[in-house]
Amino acid sequence: MSQILIGEILACLMFVGVIGVLLIGFPVAFSLAGTALIFGVIGWIMGVYDPSNYGSLIGRYIGLMSSETLVAVPLFVFMGVMLERSGIAERLLLTMGKLFGNLRGGLGISVIIVGAMLAASTGVVGATVVTMGLISLPAMLRAGYDPKLATGVICASGTLGQIIPPSTVLIFMGDMLSGINAQVQMEKGNFAPEPVSVGALFAGALLPGILLVGLYLIWVIIKAIIDPKSAPATPVPEHEKQHLGREVMVALVPPLLLIMAVLGSILGGIATPTEAASVGSVGAMLLAIANRKFSFSILRQSVVSTATITSMVFIILFGAAVFSVVFRMMGGDNLVHAFLSNMPGGAIGATIIVMFIMFLLGFILDTFEIIFIVIPITAPVLLTLGVDPIWLGVMVGVNLQTSFLTPPFGFALFYLRGVAPPGVSTGMIYRGVTPFVILQMIALAILFIFPQLVTWLPGVIYH
């Protein structure tokens, strides 16, 4: 048996081994790095892997830690955590509930709109799902909503922060795709490639995010029409209508100003994502002060939570770097390249296969785990075949949004299960998110057929 074949077999076994170790329940970062080290030793013994390749990790780690783009991640996380504690979500939900209460399905519509606004101003999925679950779920159940519809709407709306900018996933995706695209273009002889910026990814994700919100709203409206009992109206008492206009202005204006300051400055080319994130963090603290929710204790909790979330993501990234080095040096990337290049349909067929694999991995892995493992392996092949990097990044983002919704390891399901009343079973939550997973697939199909929905806005802004 040739050394090349042995290396490729070990690379395949390593990929399967990582999935198995993760299913057992070991921490992700240590599973990735540990499995890679074990197979690296096996490969060294069999003469198909050189341990000196680990030396390249030093430069990669220093590059990650000194990346100005990735500084935006903890800043956006801090902004989201601080906003969650500022009371802005609670005020938005209560006010929107009153505004749409007279309509059948009005509470569901208000939850989707608030979810979209929180996604555009925070981008932290866990905080959004928990907040809406604590405030909206009891109100929807009291109003007579079908528990399955109520839980599905809250879970799906809470995950919009995955794709609607500013999304931490898109920041990592932009950083990774930028380097991969530059390498691919240089191999093709293009030594001055157009950069893949985080701002361009944000612009590309804007219309798909709006598309998803529209699909969610259409489903709730259809549900309210064909099954009125599942989404009844909740009329607002007359005495509360008198000040409703003022309440809407007070609830809407602050988050809208923050969204304009953060997203507007990025898309308008006024600020980089990192600079905009710093403005957003200060803005979140000012909103907390305005709502009289700011204190040293809340600041300390926000900083600790930010450090915890950021450390978790980066340690997964470091572990994935070890996995990537061993996989590539044992010939795994050549195997993937040959597999995808020989798919019927060329770039289209290869993209469909990668999207399908990511969708399946979403049932058992977290979003960050998937992009840190799969993107370095598959993106070079897809970009070599001519796939647009912005379109690929947004498609992956929309696809992996479903990883929060698919059982058994959908994190949005866990978040909501933790705050749901005793009468709401896990089975109800699973059945409730099923239509929204189907809507995600419809959105993916639309973006696949009409890639201009992704590429048009970045083309207008950055060309």
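Residues numbered from 1 in each chain as written. Predicted model: local features only at pLDDT ≥ 70, side-chain atom pairs only at ≥ 80, totals over all residues. Heavy atoms only, no water.

Turning our eyes to something else, we now look at the overall build of the protein. For the protein, the helix and strand inventory stands at 21 helices and 0 strands. At 23 Å, the protein has a C-alpha radius of gyration in line with the 23 Å of a compact globule built from 463 residues. Taken over the C-alpha atoms alone, the protein extends approximately 80 × 45 × 40 Å along its principal axes. Taking all 463 residues of the protein together, the buried fraction comes to 53%. Within the protein, counting contacts between residues at least 6 apart in sequence, those at least 24 apart form 83% of the total. Taken as two groups, the 18 positive and 18 negative side-chain charges of the protein have centres that lie 16 Å from each other. (Helix = DSSP H or I, 4+ residues; strand = E, 2+ residues; numbered from the N terminus. Rg over C-alpha atoms; globule rule 2.2 N^0.38 Å. Buried < 20%, exposed > 50% of the residue type's maximum accessible area, 1.4 Å probe, protein only. Contact = heavy atoms within 4.5 Å. Lys, Arg positive; Asp, Glu negative; His and termini not counted. Charge placed at Lys NZ, Arg CZ, Asp CG, Glu CD.)

Residue Pro165 is joined to Pro166 through a cis peptide bond whose omega torsion reads 0 degrees. Assignment of secondary structure puts Pro166 in the loop between helix H8 (147-158) and helix H9 (168-187). Phi at Arg292 is positive, roughly 60 degrees, even though this residue is not glycine. With respect to the helices and strands, Arg292 occurs in the loop between helix H13 (273-290) and helix H14 (296-329). According to the relative accessible area criterion, Arg292 is exposed, its value standing at 79%.

As a further point, take the pattern of salt bridges. Taken as a whole and judged by the stated rule, the model has 3 salt bridges. A salt bridge links Asp333 to Arg328; its shortest N-O distance comes to 4.0 Å. (Salt bridge = Lys/Arg side-chain N within 4 Å of Asp/Glu carboxyl O.)

What follows covers a nonpolar patch on the surface. On the surface, Ile38, Val41, Ile42, Trp44, Ile45 and Met46 cluster together into a nonpolar patch covering about 620 Å² of accessible area. Among the structural elements, Val41 can be located in helix H2 (residues 28-45). (Patch = residues over 30% accessible without salt bridge, like charges linked within 9 Å, V, L, I, M, F, W, Y side chains within 5 Å. Areas by Shrake-Rupley, 256 points an atom, 1.4 Å probe, with all protein chains shown as cover.)

This part takes up the nonpolar core. Counting 156 residues, the largest nonpolar core has Phe172, Phe323, Ile371, Phe372, Ile375, Leu392 and Val396 as the members making the most contacts within it. Sequence-distant contacts of Ile375, that is, excluding residues within four places in its chain, are made with Met173, Met176, Leu177, Ile180, Met358, Ile370, Pro380 and Val396. (Core = buried A, V, L, I, M, F, W, Y, C linked by side-chain atoms within 4.5 Å.)

What follows deals with the side chain of Thr378. Relative to the assigned elements, Thr378 resides in helix H17 (residues 367-384). Setting aside chain neighbours within four positions, we find Thr378 in contact with Val336, Leu340 and Val354.

For helix H18 (residues 389-401), with 13 residues, the first-to-last C-alpha span of 18 Å sits near the 18 Å given by 1.5 Å per residue. Along H18, 13 of the 13 residues are buried, which leaves the element largely enclosed by surrounding structure. Where H18 begins, the capping side chain belongs to Asp388, and its oxygen is found 2.9 Å from the backbone nitrogen of Ile390. (Expected span 1.5 Å × (residues − 1). Polar contact = N/O pair within 3.5 Å; in protein donor to acceptor, adjacent residues only side chain to side chain.)

Attention now moves to the environment of Pro74. Note that Pro74 resides in helix H4 (residues 72-85). The contacts of Pro74, once residues within four sequence positions are left out, are Thr306 and Thr310.

This part takes up the packing of H8 against helix H20 (residues 426-449). It is the contact of H8 with H20, at a shortest axis distance of 7 Å, that shows an interaxial angle of 60 degrees. Relative to H20, H8 is oriented oblique. As for how H8 packs across H20, the hand of that crossing is right-handed. Here H8 contributes Pro147, Lys148, Thr151, Gly152, Val153, Cys155 and Ala156 to the contact with H20, which in turn contributes Met428, Ile429, Arg431, Gly432, Val433 and Phe436. Looking at side-chain class alone, the contact of H8 with H20 contains 8 nonpolar, 3 polar and 2 charged residues. (Axes fitted to C-alpha atoms, helices over the stretch in contact; angles between N-to-C directions. Parallel < 35°, antiparallel > 145°, perpendicular 65-115°, else oblique. Left-handed = near helix turned anticlockwise from the far one by under 90°. Nonpolar A, V, L, I, M, F, W, Y, C, P; charged D, E, K, R; others polar.)

When the terminal C-alpha atoms of H17 are compared, their 24 Å separation across 18 residues agrees well with the 26 Å that a helix rising 1.5 Å per residue should span. Of all the bends found along H17, the most pronounced is centred on Ile375 and spans about 50 degrees, while Pro376, a proline, follows it within four residues. Counting buried positions along H17 yields 16 of 18 residues, so the element is predominantly enclosed. Once H17 finishes, Gly386 follows within two positions and takes phi at roughly 105 degrees, a positive value. (Bend = angle between axes of the 7 residues up to and from the residue.)

Moving on, we get to the environment of Thr455. Within the element layout of this structure, Thr455 appears in helix H21 (residues 452-462). Owing to a relative accessible area of 29%, Thr455 belongs among the partly exposed residues under this scheme. Spatially, the C-alpha atoms of Thr455 and Ala290 are 39 Å apart, while their sequence positions differ by 165 residues. Not counting chain neighbours up to four residues away, the residues in contact with Thr455 comprise Asp388 and Trp391.

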